[in-house]
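# Topology and contacts: notes
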Amino acid sequence: MIKRALVSVYDKSGLDEFAQGLVELEVEIVASGGTSAYLEEMGIQVTRIEEITEVPELLGGRVKTLHPNIHAAILARRDEPDDLSALEAHEIRPFDLVCVNLYPFRETVARHGVREEEAVEVIDIGGPAMLRAAAKNFAHVAPVCRGPQYERVLEELRRNGELSLETRRELAAEAFSVTAAYEASIAAWFMDRNSFPDRLIPAFEKVLDLAYGENPHQRAAYYAEIGARRHLLSQVDQLHGRELSYNNLNDLNAARLCSREFELPACVIVKHANPCGVAVAGSIENAYERALAADPVSAYGGIVVLNRPVSEELAELLADQFIEVLFAPGFEDGALEALQQKPTTRILLDRERRRHAPGERDYKRVLGGLLVQDRDWDVDDRAGMKVVSGSVSETDWGDLLFASRVCKHVTSNAIVLARDLQTLGVGAGQMSRVDSVRIALDKARELGHDLGGAVLASDAFFPFADGPELALRAGVTAFVQPGGSKRDGEVIAAVEKAGGTMVVTGRRHFRH
């Protein structure tokens, strides 16, 4: 039976209904300072913590609940005579429910410019101690740590007069996960000065369940990293369409990262985590038309990311295509209505304004472990590049930079053909670079693209001259690649002999 509850919360959302529900069930409420004042204002009778500890709050509130009269009341086992005798000897009445949520450490340190002393002051000590104590003693005490649990707890109490052991076990599991994630975020903040600490403690919380994973026999969910300033679906509203799937999110991630490379109106179309059509233009309408024309076959059922609002004119063009996910920063009058004629298209509104979060890490799960690296945020520009063969016109510079930035987001070995700020052919994920060149050239030819005067970007050096020679024979006139091969001289000489241009970046962008 729940006869006595300890309540000490920072976030008071939903607390008045929960506390009133407990009172109606004849549960005595004991509350800490701020919580007791809040509940008393609501007209709810409470017993203040200091009446039990007989000690006022100390150190500006740092010490309130760290007292034997509190923790003994939480940790006492009701089936242990010695525990009950100890409570009786010290005139301590046990708690049956502990409702605690924690100071907003993650929210505080996520703010730009927060001072260290501000962050330290929102490290909760008493809250995690009480939650862990209640969770440890779940056989007799119910730990409640989140607002969404309130209604479920009240419903079960109203229905059965008590909480089942299974419910208390589930509440304990969530309490331990909440405190573990909380401690992990604090540890991560302290260790932030060390890029790769000896112990890495990432913590994630579920954003949504997914119907299944990459394949129907795999279970799946989407989790956001706790403490991250933003994540894939933060500041994103789904306006229309089916629920998002695992593959949708994986492809959306690839498309969003690629689109961040461009400031001018740009469209990125992704299929199976690789860009199949990318274009930059004077208008977003033209950018979409050229991205689609780059490879309309692969674009079928793809992910479309735009970096400008969708006009009614563009919406009509988009509505003519089968699109799995459409992602844009806005929709003008009439555009959304036109797009909603396709019931399955997932339409996402991007409300984010920041470009990226510096210092973010990439994680790749491996057998029994985790590979961790800095995210490859760097954007290549011509200042860091060297022309080693031929000369580069301003038009070619634009195409070379465009192709290089797209290539960074193609699975290695990556080759991108482009002209006039439009991809013409993409070769991805091959074990040999020359095969990627062949695939990119074949795709461009199949789609009727004229390769005369096109440029080629490679995400890593050419180990042999065979790849560039194939492209030169097809009409490609300029190349951009990192360089660094033992045979750089042979590769450059082959391009120079054909009258082509070679630009070396000095920086590789593998994406495995």
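Remember, predicted model here, so these are calculated numbers, not experimental data.

Okay, the overall build of the chain next. When you go through the chain residue by residue, the secondary structure sums to 19 helices and 21 strands. For 512 residues, the compact-globule formula gives about 24 Å, and the C-alpha radius of gyration of the chain, at 30 Å, lies well above that figure. Summarising its shape, the C-alpha atoms of the chain cover approximately 95 × 50 × 40 Å along the three principal directions. Considering only contacts in the chain between residues 6 or more positions apart, those separated by 24 or more positions represent 55%. In the form shown here, the chain has an accessible surface area of approximately 25300 Å², with 49% of it arising from carbon and sulfur atoms. Charge separation in the chain, taken as the distance between the mean sites of 58 positive and 78 negative side-chain charges, equals 5 Å.

Our focus in this paragraph is the state of the cysteines. One pass over the structure, following the stated rule, counts 0 disulfides. No disulfide involves Cys258; its sulfur sits 10 Å from the nearest other cysteine sulfur, which is in Cys267. Lacking any disulfide linkage, Cys267 is separated from the closest cysteine sulfur, that of Cys276, by 9.3 Å.

Turning next to the pairing of strand S21 (residues 501-504). Two faces make up the sheet, and in a regular strand the side chains alternate between them. Here S21 shows no split at all, with Thr501 and Val503 on one side and Met502 and Val504 on the other all buried. Summarising the sheet, strand S16 (residues 386-389) and S21 pair through 3 bridges and their orientation is antiparallel. Counterpart to Val387 in the pairing with S21 is Val503. Sheet analysis places strand S20 (residues 478-481) next to S21, joined by 4 bridges and oriented parallel. The residue bridging Gln481 from the neighbouring strand is Val504, located in S21. At this point the chain moves from S20, through helix H19 (residues 488-497), to the parallel S21, and the crossover so formed is right-handed.

Attention shifts here to the packing of aromatic side chains. Taken as a whole and assessed by the stated rule, the structure comprises 8 aromatic pairs. Between Phe18 and Tyr150 the ring centres are 4.4 Å apart and the planes differ by 10 degrees, which places this aromatic pair in the stacked class. Residue Phe18 is located in helix H1 (residues 15-24), and its partner Tyr150 is located in helix H9 (residues 149-160); the two are separated by 132 residues in the primary sequence. Here the two residues Phe18 and Tyr150 agree in accessibility, since each one is buried. Geometrically, the ring pair formed by Phe262 and Phe402 is tilted, given 5.6 Å between the ring centres and 35 degrees between the ring planes.

It is worth spelling out the sheet that holds strand S1 (residues 4-8) at this point. Spatially, 5 strands are ordered S3-S2-S1-S4-S5 in an open sheet, and the strand pairing comes out parallel. In the strand order of this sheet, the two ends are held by strand S3 (47-48) and strand S5 (142-144), each with one partner. Summarising the sheet, strand S4 (residues 97-100) and S5 pair through 3 bridges and their orientation is parallel. The residue of S5 that forms the bridge with Val98 is Pro143. Contacting S1, S4 and S5, helix H8 (residues 126-136) crosses the sheet at an angle of about 150 degrees to S4.

Glancing now at the packing of helix H18 (residues 466-474) against H19. Where H18 contacts H19, the two axes come as close as 9 Å, and the packing angle between them is 10 degrees. If you check the angle between H18 and H19, you find them roughly parallel. Here Pro468, Glu469 and Leu472 of H18 lie close against H19, whose contacting residues are Val491, Ala494 and Val495. Taken together, the residues of the contact of H18 with H19 sort by class into 5 nonpolar, no polar and 1 charged.

Between its terminal C-alpha atoms helix H10 (residues 165-190) stretches 37 Å, which fits the 38 Å expected from 26 residues at 1.5 Å a residue. Against helix H6 (105-109), helix H7 (116-121), H8, S5 and H9 lie the buried residues of H10.

Moving on to unusual backbone geometry. Omega for the bond connecting Ser412 with Asn413 falls within 30 degrees of zero, at -10 degrees, which places this linkage in the cis form. With respect to the secondary-structure elements, Asn413 resides in the loop between helix H16 (394-407) and strand S17 (415-419). Backbone geometry at Ala273 places phi at a positive 70 degrees, although glycine is not the residue there. Its identity as a non-glycine residue notwithstanding, Asp420 has a phi of 55 degrees, on the positive side.

The rules behind these values
Residues numbered from 1 in each chain as written. Predicted model: local features only at pLDDT ≥ 70, side-chain atom pairs only at ≥ 80, totals over all residues. Heavy atoms only, no water. Helix = DSSP H or I, 4+ residues; strand = E, 2+ residues; numbered from the N terminus. Rg over C-alpha atoms; globule rule 2.2 N^0.38 Å. Contact = heavy atoms within 4.5 Å. Areas by Shrake-Rupley, 256 points an atom, 1.4 Å probe, with all protein chains shown as cover. Lys, Arg positive; Asp, Glu negative; His and termini not counted. Charge placed at Lys NZ, Arg CZ, Asp CG, Glu CD. Disulfide = S-S within 2.5 Å. Buried < 20%, exposed > 50% of the residue type's maximum accessible area, 1.4 Å probe, protein only. Pairing = 2+ DSSP bridges. Right-handed = clockwise from strand over helix to strand, strands pointing away. Phe/Tyr/Trp six-rings, centres within 6.5 Å; stacked < 30°, edge-to-face > 60°. Axes fitted to C-alpha atoms, helices over the stretch in contact; angles between N-to-C directions. Parallel < 35°, antiparallel > 145°, perpendicular 65-115°, else oblique. Nonpolar A, V, L, I, M, F, W, Y, C, P; charged D, E, K, R; others polar. Expected span 1.5 Å × (residues − 1).

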